[in-house]
Amino acid sequence: MTPQSMMDSFLCVDGRVTNVEGHKTRLKTAVEAHFGWRRAAELDDIYARLGSGVGPGCRFPRIRVDAERSTWQDRPAPQRQIRQVVAGVAIRDQRQFPGIKGPDIQWLTDTAHEIGTDYFIVDSEGCVLETNTSAVLLIDDEGEFVTCAGHNLPSTTVQWLQLHVRVRAVPLSFPDVVAAVRAGRAVSANALHGFRMLTFSPTPPPSMRGSGRPEGGAPGSDTLTRVSRLNELWLQEATPLS
């Protein structure tokens, strides 16, 4: 099975991106596997053109690749947040290409619109893989980060984090993730926001009322401080997009 298209997107601040090589490698690997090495080789030129073509300030460029061509688009970055609000529901993974960014975007966005906010994706065993937009990290009793083991999108932001701290990948049950969110010990990571505190939406959408959705809890101040410091370093280590 071959995806129709795949993409990459990331925060670019005044022409600088954190872990741009991680982004290049992830996309080129997927493109070569499905569209061939010639299409993958074109991406070096695409990223170089982005370096001179992206506008000043906070931008959120997107690269799109299909079997016929590779294109890019410069876009203003959405407002970054320090919290990611999620519904306390587990959605069974229906993606055809969970390890590639882009092919399943329609299912991801349609489900978010139906629920009314972001949500957790779980595998057939009920283990959390990620949210619809971000990798999931829990903080264990020793203060170390634990991330989800499973077939999910390789996170360039978690990859960056692993250069600085230990991150263990283990199966994470949905009840354990819910408990961590309630305790203020759950964090998400993606290439737009960097790191955010995970918190439950204060009001469940109509379709979820009465379904046993957990009540939200205020996130811990220590975790918010840690998230803020990580984001400062994440932005400081951005390099020119070229």
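The structure presented is a predicted model; accordingly, all values stated were derived computationally and were not measured.

Explanation requested: the environment of Asp 118 in the structure shown.
Its place among the elements puts Asp 118 in strand S8 (residues 118-122). Judged by its relative accessible area of 18%, Asp 118 falls in the buried class. Sequence separation between Asp 118 and Ser 201 is 83 residues, and the spatial gap between their C-alpha atoms is 9.1 Å. Each residue touching Asp 118, except ones within four places of it in the same chain, is listed here: Gln 84, Val 85, Val 86, Ala 87, Asn 132 and Thr 133. For Asp 118, the side chain forms a polar contact with the side chain of Asn 132, separated by 3.1 Å.

Help me understand the sheet that holds strand S5 (residues 62-66) in this model?
Pairing between sheet strands relies on hydrogen bonds along the backbone, with the strands arranged either parallel or antiparallel. In spatial order, the strands read S1-S5-S6; together these three strands make up an open sheet with antiparallel pairing. Looking at which strands have only one partner, the edges of the open sheet turn out to be strand S1 (5-9) and strand S6 (70-73). When strand polarity is set aside, the average angle formed by the axes of neighbouring strands in this sheet is 15°. Inspection of the sheet shows S1 paired to S5 by five bridges, in the antiparallel sense. Following the sheet pairing, Met 7 is matched in S5 by Arg 64. Sheet contacts for helix H1 (residues 20-35): S1 and S5; angle to S1, the most-contacted strand, approximately 175°. Lying over the sheet, helix H2 (residues 37-53) contacts S1, S5 and S6, oriented at roughly 20° with respect to S6.

Honestly, the packing of aromatic side chains in this entry has me stumped. Any pointers?
Think of a pair of aromatic rings as described by two things: how far the centres are apart, and how the planes are tilted against each other in angle. Taken as a whole, this structure holds four aromatic pairs when the rule is applied. Their ring planes at 70° and their centres at 6.0 Å tell us that Phe 120 and Phe 174 sit as a pair that is edge-to-face. Of the two residues, Phe 120 sits in strand S8 while Phe 174 sits in helix H5 (residues 174-182), which places them 54 residues apart along the sequence. Take Phe 174: its relative accessible area is 17%, and that puts it in the buried class. Between the aromatic rings of Trp 160 and Phe 195, the centroid separation amounts to 5.9 Å while the plane-to-plane angle is 45°, which identifies the pairing as tilted.

Reading the values: the criteria
Residues numbered from 1 in each chain as written. Predicted model: local features only at pLDDT ≥ 70, side-chain atom pairs only at ≥ 80, totals over all residues. Heavy atoms only, no water. Helix = DSSP H or I, 4+ residues; strand = E, 2+ residues; numbered from the N terminus. Buried < 20%, exposed > 50% of the residue type's maximum accessible area, 1.4 Å probe, protein only. Contact = heavy atoms within 4.5 Å. Polar contact = N/O pair within 3.5 Å; in protein donor to acceptor, adjacent residues only side chain to side chain. Pairing = 2+ DSSP bridges. Axes fitted to C-alpha atoms, helices over the stretch in contact; angles between N-to-C directions. Phe/Tyr/Trp six-rings, centres within 6.5 Å; stacked < 30°, edge-to-face > 60°.

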